[in-house]
Amino acid sequence: MTRLAVLSDIHANLPALEAVMQDMAKFNVDSVIVAGDVLNFGPFINQTVERLLDNRWAVLRGNAEIYLLDHGSTRAPQEWNDPVRYPVPLWLNRALNPDLKNAIATWPDALSLRFSDAPPIRVVHATPQNHWDSIYPTLTDEQIAEYLAGVEEETFITGHTHLPLDRQSGKWHLLNPGSVGVPLDGQFSASYMLLQGDEHGWKPTFRRVAFDYAPIYQEFKRLGFVEEYGVVAQLIIEVFKTARPQFGFLSWQEENCPNEPLSLELLAAFYKKHQWWEYANPAYHINL
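Keep in mind that this is a model prediction, so the values were computed, not measured.

Cut-offs applied
- Residues numbered from 1 in each chain as written.
- Predicted model: local features only at pLDDT ≥ 70, side-chain atom pairs only at ≥ 80, totals over all residues.
- Heavy atoms only, no water.
- Helix = DSSP H or I, 4+ residues; strand = E, 2+ residues; numbered from the N terminus.
- Polar contact = N/O pair within 3.5 Å; in protein donor to acceptor, adjacent residues only side chain to side chain.
- Contact = heavy atoms within 4.5 Å.
- Pairing = 2+ DSSP bridges.
- Axes fitted to C-alpha atoms, helices over the stretch in contact; angles between N-to-C directions.
- Phe/Tyr/Trp six-rings, centres within 6.5 Å; stacked < 30°, edge-to-face > 60°.
- Buried < 20%, exposed > 50% of the residue type's maximum accessible area, 1.4 Å probe, protein only.
- Salt bridge = Lys/Arg side-chain N within 4 Å of Asp/Glu carboxyl O.

J.: Please explain the side chain of Arg61 as it appears in this structure.
T.: Relative to the assigned elements, Arg61 resides in the loop between strand S3 (58–59) and helix H3 (63–70). There is a polar contact of 2.9 Å between the side chain of Arg61 and the backbone oxygen of Ala105. Side-chain polar atoms of Arg61 contact the side chain of Asp109, separated by 3.0 Å. Those residues in contact with Arg61, other than ones at most four positions away along the chain, are Gly36, Ile66, Leu69, Ile104, Ala105, Thr106, Trp107, Pro108, Asp109, His125 and His131.

Encoded structure:
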């Protein structure tokens, strides 16, 4: 019987990763798979990448890694040049050791796992088509079938939404381990998944592990994160404080006051009148 640990969306949250590694050590897993988004959100960028490389885990690129790798190239959308609305690509490239960037450039976009004692598994960060679309738990079987058309493996692992998922949809056993570093379901704990496989298929066990948030806020303060990167930096901190999506503010600003510059004052005005769920996908309206 093969035993795997599947992690996703670590997002440079070293305290959460260390807590998961300590928990994971109890289970004697054969391999560890990381389904993308090692970077972004959290402040421990170099330390997190170094930890994964030292462990020689199988790691995919997610959209956070695309922010890093495509910024400043002809592959980057024009809007990424806006340092106020899109400070993340600039921040990642300033913060990350160039040698580590080259290592990330070699990570694959998908994995097909083929163990001898269990069915094959396809692993991507988001969808087989790209790093940005989301396979939410609220999608219909028909919508999922559109995303997974052409996927031969009947066990399919995705990340990106930060929402744990175990669902049979058509021929596919669809799994999402949730987020190690940035839970978005209102639970202040890292989420990851253990998988046991045999000839009958793969059985998931979802783990939730508490971690200390204090070092995250301390490091952001030490870095002068909000002072350097403005409103988006503050939104990232609010995500950690609430374990909920907060970037709906950017949609609200575009819809209601597009000519007013993004500022911390405008963000404060938004929070006085609105709640995060008004501008979040309904899939996140859980545990309210």
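Now that the structure has been shown, we can carry on.
J.: What is the right way to read the sheet that holds strand S10 (residues 201–209) from this model?
T.: Within a sheet, adjacent strands bond to each other through the backbone by hydrogen bonds, running parallel or antiparallel. Ordered by their spatial adjacency, five strands build an open sheet running S3-S2-S1-S9-S10, and the pairing between neighbours is mixed. This sheet does not close on itself; its edge strands, each paired only once, are S3 and S10. Pairing geometry for strand S2 (residues 31–34) and S3, over two bridges, is parallel. Across the sheet, Val34 pairs through a bridge with Val59, a residue of S3.

J.: Mind showing me how you'd approach the sheet that holds strand S4 (residues 110–113) here?
T.: With mixed pairing, five strands are arranged side by side in an open sheet as S4-S5-S6-S8-S7. The open sheet is flanked by S4 and strand S7 (165–169), the only strands paired with a single partner. Between one strand and the next, the sheet's axes are offset by a mean angle of 20°, whatever the strand orientation. The strands touched by helix H6 (residues 141–148) are strand S6 (155–157), S7 and strand S8 (172–176); relative to S7, the strand with the most contacts, the crossing angle is about 90°.

J.: Looking at this structure, I do not really get the packing of aromatic side chains. What am I missing?
T.: Aromatic ring pairs: the centre-centre distance and the angle between the two ring planes describe each pair. For the coordinates displayed, the defined rule picks out 21 aromatic pairs. An angle of 50° between the planes, with centres 6.4 Å apart, marks the rings of Trp91 and Tyr229 as tilted. Placement of Trp91 in helix H4 (residues 87–95) and of Tyr229 in helix H8 (residues 225–242) is noted, with a sequence separation of 138 residues between them. The burial state of Trp91 is the same as that of Tyr229; both residues are buried. Geometrically, the ring pair formed by Phe220 and Phe240 is tilted, given 6.1 Å between the ring centres and 50° between the ring planes. With Phe220 in helix H7 (residues 214–223) and Phe240 in helix H8, this residue pair connects regions lying 20 residues apart in the sequence. In this pair, the class of Phe220 matches that of Phe240, namely buried.

J.: Would you mind going over the pairing of S7 with me for this structure?
T.: Two faces, one strand: in a regular strand the side chains alternate between the faces of the sheet. Only one face of S7 is buried: it carries Leu165, Arg167 and Ser169, and the other face, with Asp166 and Gln168, is open. Judged from the five bridges that link them, S7 and S8 form a sheet pairing that is antiparallel. Paired with Asp166 across the bridge in S8 is Leu175. The antiparallel pairing of S7 with S8 creates a hairpin that spans two residues between the two strands, and Gly170 there sits at a positive phi of about 60°.

J.: Looking at this structure, how should I read the pattern of salt bridges?
T.: One side chain can pair with another of opposite charge once the charged atoms of both are near each other. In total, this model carries eleven salt bridges according to the counting rule given. In this structure, the salt-bridge partner of Arg61 is Asp109, at a minimum N-O distance of 3.0 Å. Of the two residues, Arg61 is situated in the loop between S3 and H3 and Asp109 in the loop between helix H5 (98–105) and S4; the sequence distance between them amounts to 48 residues. Judged by relative accessible area, which is 14%, Arg61 ranks as buried. In this structure Asp109 comes out as partly exposed when scored by relative accessible area, which is 36%. For Glu254, the salt bridge is made with Arg85, and the minimal N-O distance between the two is 3.4 Å.

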